[in-house]
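# Residue-level structural notes
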Amino acid sequence: MKLAFSTLGVPGMPIADVIRLAVDHGYQGVELRAHPEEPVHPGLSSAERTAVAEEFKKGGVEILTVAGYVRVAADGDDQPVLDELAGLVELARDLGASHVRVFPGGGGLDPEVADANAARRLGAAAPYAADLGVRILLETHDSHRAGADVARIAGTVGHRQVGALWDIMHTWLAGEEPVASHAVLAPHLGYVQVKDIASAEDTEPLALGAGVLPLGACLDTLDADSWVCWEYEKRWHPDAAELPGLLSAGREHLLRLGAPRP
């Protein structure tokens, strides 16, 4: 199992410090939140992108994903969505990242319309992503929080460069058992985001193992070489404990859960 953490857990932290955290705590990769309030975003110049890529390479840490905020199922014209998505794919290519994360964002729409929007846009973006060597992952989130919801769209697109990102909190909130989530997502799965929370009503981030999410049951479904990323939502919960102090224990917990059963 290869481990990463999301910079959502260390809002605004300089890249050098992010790399140092990963190295010091034994994480092989980082999911970079791509937002203007962060050090990495689509507005970076070519020179700035090269500098970030070289810094990660020097540190021996992989940029797993550029985590963007495109909402591919949302209402509206296709072109602005496609333009934003192309910008993220180009950023991922320039940084050497394997993936771009997108959201559904189809809330308030008829489910069939939301599915059609997402499939049409992802299908249109897939050939360009293939040319640039980047895979677009649709996260189990908001209007499509169950694995079955995301798998339905990925299956409709039917392109290798469009896959799924399994956020285990959202599939759990959807009432989907881990084995069921994995069964439908497996043909499309890029990697898994883990986290922990106290309850469905209290989603403030906790240390891994301190809450109710079925981490072990999820990890039991994965192949030994799977990527697992800890998405600690500190940015949305400023009063939560600081992530750096939790990283070592979180790594140990995940490795214990992911160890082969006798």
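Structural data are supplied above this passage.
Residues numbered from 1 in each chain as written. Predicted model: local features only at pLDDT ≥ 70, side-chain atom pairs only at ≥ 80, totals over all residues. Heavy atoms only, no water.

### Quick word on helix H5 (residues 147-157)
- Residues of H5 that are buried: Gly147, Asp149, Val150, Ala151, Ile153, Ala154 and Val157.
- Contacts made by the buried residues of H5 are with helix H4 (111-132), strand S5 (135-139), strand S6 (162-167), helix H6 (168-173) and helix H7 (178-185).
- Positive backbone phi, approximately 65°, marks Gly158, located one or two places after H5. (Buried < 20%, exposed > 50% of the residue type's maximum accessible area, 1.4 Å probe, protein only. Helix = DSSP H or I, 4+ residues; strand = E, 2+ residues; numbered from the N terminus. Contact = heavy atoms within 4.5 Å.)

### Comments concerning the sheet that holds strand S8 (residues 227-230)
- Strand order around the closed barrel formed by eight strands is S1-S2-S3-S4-S5-S6-S7-S8, with parallel pairing between neighbours. On average, each strand axis in the sheet is tilted by 30° relative to the strand beside it, whichever way the strands run.
- One ladder, built from five bridges, connects strand S2 (residues 29-33) with strand S3 (residues 62-71); its direction is parallel. Counterpart to Val30 in the pairing with S3 is Ile63. (Pairing = 2+ DSSP bridges. Axes fitted to C-alpha atoms, helices over the stretch in contact; angles between N-to-C directions.)

### Details of the nonpolar core
- Ranked by size, the top nonpolar core spans 73 residues in total, and within it Phe5, Leu122, Val194 and Trp230 carry the most contacts.
- Counting residues per element, this core draws most heavily on H4, at eight residues.
- Those residues in contact with Phe5, other than ones at most four positions away along the chain, are Val10, Val18, Leu21, Ala22, Tyr27, Gly29, Val30, Glu31, Cys229, Trp230, Leu243 and Leu247.
- Core analysis: the next-biggest nonpolar cluster, separate from the first, contains seven residues, Leu165, Tyr191, Trp227 and Cys229 among them. (Core = buried A, V, L, I, M, F, W, Y, C linked by side-chain atoms within 4.5 Å.)

### Comments concerning the pairing of strand S4 (residues 99-103)
- Counting buried positions along S4 yields five of five residues, so the element is predominantly enclosed.
- Across the two faces of S4 the burial is the same, with His99, Arg101 and Phe103 and Val100 and Val102 all buried.
- The pairing of S3 with S4 spans four bridges and is classified as parallel. From the neighbouring strand, Ala67 faces S4, where its bridge partner is Arg101.
- In this fold, the crossover linking S3 to S4 by way of helix H3 (residues 78-95) has right-handed handedness.
- In terms of strand pairing, S4 meets S5 through four bridges, oriented parallel. Bridge assignment links Val100 to a residue of S5, and that residue is Ile136.
- Following the backbone out of S4, through H4 and into the adjacent parallel S5, one traces a crossover that is right-handed. (Right-handed = clockwise from strand over helix to strand, strands pointing away.)

### Notes on empty space enclosed by the protein
- Under the criterion given, the structure shown has one cavity of 30 Å³ or more.
- If you add up the space inside the largest cavity, you get close to 50 Å³.
- Listed by contribution, the elements that provide at least two residues to the lining of the largest cavity are helix H1 (15-25) and S2.
- Its residues assigned to classes, the lining of the largest cavity shows six nonpolar, one polar and two charged. (1 Å grid on protein atoms, 1.4 Å probe; cavity = no way out; pocket = protein on both sides within 12 Å on 5 of 7 lines; lining within 4 Å. Points joined across faces, edges and corners; volume = space filled by probe spheres on them. Nonpolar A, V, L, I, M, F, W, Y, C, P; charged D, E, K, R; others polar.)

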